[in-house]
Amino acid sequence: MKRLLFFALAVTCFAQDLPKLDLGGIREQHVMIPMRDGVRLSAYLYLPEGDGKWPVVFEQRYADISGASTRKNAAELAKHGFAVAMVNFRGSQKSEGAYVGYRALAWGEKKDGYDTCEWLATQSWSTGRVGTFGSSQGGFAQNFLAVTRPPHLVCQYMVDTGLSLFQEGYRIGGVTRPGRFADFGKNCRVPADNDALLREWDAHPHYDDYWRAENCSLHFADMNVPCFTIGSWYDFMVQGSVMSYIGRKKNAPQQLLLGPWLHGRLNKGSKVAEMQYPPNATWPEVEHMVKWFDHWLKGIDNGVEKEPAVRYYVMGDTGEKNAPGNVWREAADWPPATKETSFYLHDEGVLKAKAPAAKSSGTSYDCDPLKPMEMPGRAFLGAKDAQTFEAQKDVRVWTTPVLDKPLEITGEVFAELWVKSTAKDTDFIVRVSDVYPDGRSMLLMDYPLRARYREGFDHEALLVPGEPAKLKWHLGWTSIIINKGHRLRVTVSSTGAPLYEPNNQTGGPQTIDWLKDAVKATHTVLHEKEHASRLLLPVMD
């Protein structure tokens, strides 16, 4: 009785704090959901009109859930006959407890996702059938939840999701990102919690047990609910969407959709940054999500479970009439069969299928971490013309001759560089672009690798200055037909700030303030017979 009274008071208080908003008859309530250790998470509920029981769908975020667009979107979803809950992570926004990122959502002592799911399932207005949705942080949270296997979880709908915080969040290619997360205190109930978390990360620079505790890919065997997963070609986190599908399909029905979009939710249209795709590139995200939930949560026989396991959009030239590509394909699985094809870096900025024969050849550039090359913002700059970056002084570019026939690339792309450096450590950022006949270099993907992690992320192997070293790493997933008359381009740099925060190049500890000890260096990309640098492409015949 006391608990019910508390919730009634809390709902009244917080509902008054929110600006008035017309939600079309949907009831909006604020509750504090109790966890197993007594901490309570802040959540807003959106309940349909009437007294019926409804299946529940919920999203978990650290970001603010009280904005007008979030509230309206939740209410619109509720109109389809669902009780909708927007829930904040432990320690974020109005949620109690210490903010620890995703760690309290996992499979350890605290299981906040599990407890949230089970609390929602047992409320008087719930049918006991629960689904989840969300993108990015809300996608990560769903994978964490699936590992814990709450009894009432029935299905999920993930957009631009992730699996490993070391690989797809706090680190990318081993590159630390203190600046990216330095202001996350704004999301915390107690801002100092974020500072403490950053210090924890400093104490775990390599992929160790600390990071394994936030890697869902180690627990695919425990994920046993149907999930529809969306991935976006112009998003480095497409790797999380693809690998979620691949890893989870063994234990429950999974479907995967891959399209020509940027990272995010409710943005899967045909206008993507500077690219205008045909109308067929648009995906009806909310409409389809409702269809997915209608089937799995309400038992409606709408055929959604019989739709193709994989659908992917093959991108093409967006300005030339009748150019190949810009079509959807269906497949029984992913990835499709392709032929690994090498495009080699040569002297004079040439990229071609023939391997280099020179005994000694390389392209050098200088790198000053305190004067980094510029990649503006914190989000991937795909589907935009990359020429401005390519013209910067410490950037090197390799381009094919004009293609005499279309080249289809569908699958995972890798870089393999042989390098020398005057430093003990640095980062290598490789970008791939489709160069249009008018000169635009439309960015398809980029990905960094910290040289000290070239042998694996669980230990470091510093460079020996002046000695060749081989680095091979994942750049991204894509499906595109580069049309005849176009060219393929590879760009290499060692800085690209603020998107990628510079390496101080000393080989020393990776800490928040490590740029105070930065040193200049010269790096050389080798393109010679014994040390041939190349781009590895999955080419479709």
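Placed above this text is the structure.
Residues numbered from 1 in each chain as written. Predicted model: local features only at pLDDT ≥ 70, side-chain atom pairs only at ≥ 80, totals over all residues. Heavy atoms only, no water.

Draft legend 1. Representation of the side chain of E285 within the structure. Structurally, E285 is set in helix α10 (residues 285–298). A relative accessible area of 4% means that E285 is categorised as buried. A distance of 2.9 Å separates the side chain of E285 from the backbone nitrogen of L266, its partner in a polar contact. What E285 contacts, discounting residues up to four positions off in sequence, is Y157, V159, I230, R265, L266, N267 and K268. (Helix = DSSP H or I, 4+ residues; strand = E, 2+ residues; numbered from the N terminus. Buried < 20%, exposed > 50% of the residue type's maximum accessible area, 1.4 Å probe, protein only. Polar contact = N/O pair within 3.5 Å; in protein donor to acceptor, adjacent residues only side chain to side chain. Contact = heavy atoms within 4.5 Å.)

Draft legend 2. Focus on the sheet that holds strand β22 (residues 441–450). Taken in spatial order, the 4 strands make up an open sheet running β19-β24-β21-β22, and their pairing is antiparallel. Two strands in the sheet have a free side with no partner beyond their single neighbour: β19 (395–399) and β22. Recorded for the sheet is a direction-independent mean angle of 20° between the axes of neighbouring strands. Across 7 bridges, strand β21 (residues 427–435) lies against strand β24 (residues 487–493) in antiparallel orientation. Directly across from V432, in β24, lies its bridge partner V490. (Pairing = 2+ DSSP bridges. Axes fitted to C-alpha atoms, helices over the stretch in contact; angles between N-to-C directions.)

Draft legend 3. Main features of the environment of Q387. When you line up the elements, Q387 lands in helix α11 (residues 387–390). Here Q387 falls in the partly exposed class, since its relative accessible area comes to 36%. Between the C-alpha atom of Q387 and that of G173, which follows or precedes it by 214 residues, the distance is 24 Å. For Q387, the residues in contact, after removing those within four places along its chain, are G439, R440 and S441. At a separation of 2.8 Å, a polar atom in the side chain of Q387 contacts the side chain of D385.

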